[in-house]
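The chain contents come next:
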Amino acid sequence: MKINQNYNTLEKSYLFSRVAEKVAAYKQAHPEAEVISLGIGDVTRPLCRSAVRALISAAEDQGRAETFHGYGPEQGYPFLRRAIREYYGSFGVSVDEEEIFVSDGAKSDIGNILDLFSEENTVLIPDPVYPVYRDTNQMAGRKIVYMRATKENGFLPMPDPAVEADIIYLCSPNNPTGAVYTRRQLQKWVEYAKKRGAVILFDAAYESFIQEKSLPRSIFEIEDAKSCAIEFCSFSKTAGFTGTRCGYTVVPRRLLREGSSLRDMWMRRQSTKFNGVSYPVQKAAAAVLTNEGLAECRENLEVYRRNAKRITDTLDAMGIWHTGGKNSPYIWMECPNNMTSWDFFDDLLSRGAIVGTPGSGFGENGEGFFRLTSFGTEENTAKAMDRLRRLF
Ligand code: MLT
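Residues numbered from 1 in each chain as written. Predicted model: local features only at pLDDT ≥ 70, side-chain atom pairs only at ≥ 80, totals over all residues. Heavy atoms only, no water.

**Q** Just to check I follow, could you spell out the site of the ligand for this structure?
**A** Near the ligand the following residues occur: F16, I40, G41, K107, Y130, N175, Y206, K237, Y330 and R371. At 2.8 Å, a side-chain N or O of N175 approaches an oxygen atom of the ligand. Residue K237 places a side-chain N or O atom 2.7 Å away from an oxygen atom belonging to the ligand. For the ligand, the accessible surface in isolation is 270 Å², of which the surrounding protein chains cover 85%. In terms of residue class, the shell around the ligand is built from 5 nonpolar, 2 polar and 3 charged. (Near = heavy atom within 4 Å. Polar contact = N/O pair within 3.5 Å; in protein donor to acceptor, adjacent residues only side chain to side chain. Areas by Shrake-Rupley, 256 points an atom, 1.4 Å probe, with all protein chains shown as cover. Nonpolar A, V, L, I, M, F, W, Y, C, P; charged D, E, K, R; others polar.)

**Q** Would you mind showing me how to read the UniProt feature "modified residue: N6-(pyridoxal phosphate)lysine" (unreviewed entry) in the chain here?
**A** Mapped onto the present numbering, the UniProt feature "modified residue: N6-(pyridoxal phosphate)lysine" (unreviewed entry) falls on K237. The residue K237 is located in helix α7 (residues 236–239) in this model. Dropping the residues within four chain positions of it, K237 is found in contact with G41, V43, A205, Y206, F209, T242, L301, Y330 and F375. At a separation of 3.3 Å, a polar atom in the side chain of K237 contacts the side chain of Y206. (UniProt positions renumbered as here; feature names shortened; annotations may be inferred. Helix = DSSP H or I, 4+ residues; strand = E, 2+ residues; numbered from the N terminus. Contact = heavy atoms within 4.5 Å.)

**Q** I would appreciate a short explanation of the UniProt feature "domain: Aminotransferase class I/classII large" (unreviewed entry) in the chain in the present structure.
**A** Here, UniProt's "domain: Aminotransferase class I/classII large" (unreviewed entry) annotation points to residues 34–388. Strand forms 17% of residues 34–388 and helix 38%; the C-alpha atoms that close the span are 14 Å apart.

**Q** Honestly, the side chain of N300 in this entry has me stumped. Any pointers?
**A** Relative to the helices and strands, N300 resides in helix α10 (residues 291–318). In this structure N300 comes out as buried when scored by relative accessible area, which is 12%. Here R45 takes part through its side chain, which lies 2.9 Å from a polar atom of the side chain of N300. (Buried < 20%, exposed > 50% of the residue type's maximum accessible area, 1.4 Å probe, protein only.)

**Q** Explain the nonpolar core here, please?
**A** Buried together is how nonpolar side chains tend to be arranged in soluble globular proteins. With 86 residues, the main nonpolar core has I168, I200, F235 and F241 as its most contacted residues. Aside from chain neighbours lying at most four places away, what touches F241 is L47, A51, F235, S236, C246, V281, A284, A285 and V288. I110, I125, V132 and V251 belong to the second-largest nonpolar core, a separate cluster that totals 25 residues. (Core = buried A, V, L, I, M, F, W, Y, C linked by side-chain atoms within 4.5 Å.)

**Q** Any chance you could explain the sheet that holds strand β3 (residues 122–127) here in plain terms?
**A** Consider a sheet: its strands pair through backbone hydrogen bonds, and that pairing is either parallel or antiparallel. The mixed open sheet is built from 7 strands, whose spatial order is β2-β8-β7-β6-β5-β3-β4. Strands at the two margins of the open sheet, each flanked by one partner only, are β2 (100–103) and β4 (143–148). Sheet twist, expressed as the mean angle between neighbouring strand axes with direction ignored, is 20°. Contacts from helix α3 (residues 78–90) reach β2, β7 (229–234) and β8 (247–250), with the element oriented near 115° to β2. (Pairing = 2+ DSSP bridges. Axes fitted to C-alpha atoms, helices over the stretch in contact; angles between N-to-C directions.)

Next up, the structure:
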């Protein structure tokens, strides 16, 4: 037999696993240290009350013969797809329930969607970016072209007509830089994709952090995007579902390539390889999207916004360059004293017991930068900022 040799081209471990290993080693050597994590974007606010009530009541349903649910509908329950359609409608985007696919999260779908595309396609990926885009394509052996996201272009690379790409990844608000594309900029990407017959894979996992009304929350706010884009979204950051697991992907009916409907292909793929998200979790996700649930989630998002402000205020006071944190939970900062990203990571962990994410883990252009998240508790974020101020 032969194994997939592409795995040998990958970094030894996934970025966040490497961070976790280093933190575990530090904790073992310093059991007394009070380590504060502003590293992986994992939330600290608990599920909102509406979601918890829905989970409990759905669990009770599962314990009674008359309300028991076995396998659910392949795309997700109609009650959740309807709620997602209405959620999109609340910011002016019209999507059809048949175009919505409920999943266990954006990360899985972003990797799994690649089943639909030939390995001969060329992939265009911003650098730095969420490592899943790079690693999943590397696993399949696709050719990857990187576009430079730098301080100069505001970490928002724009299409270069000379670059030939078939699959384009965009993440806005961006992980890790927090940069957000404007409508005009996304329009340019849509035009480029249409001209090339390419498909945009749009990661909107952080859309609920957008505060400025003029900024787009969905690629489908852009005219004609439905003929060239697929959108991924998640309840993880919006509603604290990192450990509960629920997301959704929108594959428009109008998205056709080589005469085939990508929506129908995705349906075929999901119904073959995926058995859906549990009924209680889908009930909880639907509860999040009620007026009451959304208001409760907004309170949690406010906590993260206050954390982001505390972090950016601290960096300002220290004279450290940074961006993000306004329409995003991520703050992207320059490492002090010209340190490399991993050197700063080690320094911050060993002297301050603070965990962040090294920018270079997100790509070459991330070298010299560092990502902090606003997902910590208010108390820990304040403590971490006091420590940071004292250290530098
Ligand atoms: C991150 O820290 O970049 C994210 O939490 C990772 C993820 O959402 O998978």
